[in-house]
Amino acid sequence: QNVTTVFDGLNINTRNDYGGTFLGQGVAALNEGYGSTFSGLYCAASIVTGNSNTFYGAYCGANAVTGSENVFLGAMAGLNNVMGGQNTFLGTQAGIQEQGDYNVYLGYKACGQAASHANRGSISVGVRTTMVGQSNIAIGGEHSIQSQNAICIGGRIQNAGNNSVIIVPGGT
């Protein structure tokens, strides 16, 4: 029998998740999938399908419906990532509006400032950053980048051009 034991703070239930671990009130509505771990208040509350996801934190991935191989760690990390896959979001509200795939966001509100967007293959390390586009790298805090293939290092860089490299000395 392939079942998952779920303790939601009130009841113990079983689901057809093939070896997942779910812990927290209102956690995981998962109907199909395998090997996912969800822990936190309303963590993955809307997820229906997905494999090998790891979500830890209150409301972490709460509005995700599908998606596989995501790692969301921190309160509200990946909150509205409805169907993105292969993302890693670490930090409170990291990737809170992200809808894309293959992204890595590290830090408080890293790529958590803008309305829904679908970045693909982007990396953000820093606090309170906004990024819209594909294949961008931002290191430092408070960036607002709308471009493609940009590398931004330093603090408070705004609207880097496509295919550009910007370094701001002494930025934080």
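Note: the structure precedes this text.
Residues numbered from 1 in each chain as written. Predicted model: local features only at pLDDT ≥ 70, side-chain atom pairs only at ≥ 80, totals over all residues. Heavy atoms only, no water.

**Q** Tell me about a nonpolar patch on the surface, and name the residues and values.
**A** A surface patch of nonpolar side chains, amounting to about 610 Å² of accessible area, comprises Ile-123, Val-125, Ile-137, Ile-139, Ile-151, Ile-153, Val-165 and Ile-167. At the level of secondary structure, the elements contributing two or more residues to the nonpolar patch comprise strand E9 (123-125), strand E11 (137-139), strand E13 (151-153) and strand E14 (165-167). On the secondary structure map, Ile-151 appears in strand E13. (Patch = residues over 30% accessible without salt bridge, like charges linked within 9 Å, V, L, I, M, F, W, Y side chains within 5 Å. Areas by Shrake-Rupley, 256 points an atom, 1.4 Å probe, with all protein chains shown as cover. Salt bridge = Lys/Arg side-chain N within 4 Å of Asp/Glu carboxyl O. Helix = DSSP H or I, 4+ residues; strand = E, 2+ residues; numbered from the N terminus.)

**Q** With reference to specific residues and values, describe the pattern of salt bridges.
**A** A complete count under the given rule lists 3 salt bridges for this structure. A salt bridge links Glu-142 to Arg-128; its shortest N-O distance comes to 2.7 Å. Of this pair, Glu-142 sits in the loop between E11 and strand E12 (144-146) while Arg-128 is found in the loop between E9 and strand E10 (130-132), placing the two residues 14 residues apart along the sequence. Two residues, Glu-142 and Arg-156, come together in a salt bridge whose shortest N-O distance is 2.6 Å. One end of the pair, Glu-142, is in the loop between E11 and E12; the other, Arg-156, is in the loop between E13 and E14, and 14 residues separate them in sequence. Under the relative-accessibility criterion, Glu-142 is labelled partly exposed at 22%. The exposure class of Arg-156 is exposed, given its relative accessible area of 60%. (Buried < 20%, exposed > 50% of the residue type's maximum accessible area, 1.4 Å probe, protein only.)

**Q** Tell me about the side chain of Ser-147, and name the residues and values.
**A** As for its position among the elements, Ser-147 is in the loop between E12 and E13. What Ser-147 contacts, discounting residues up to four positions off in sequence, is Val-132, Gly-133, Gln-134, Asn-136, Ala-160, Gly-161 and Asn-162. (Contact = heavy atoms within 4.5 Å.)

Nothing here speaks to function; it is all geometry.
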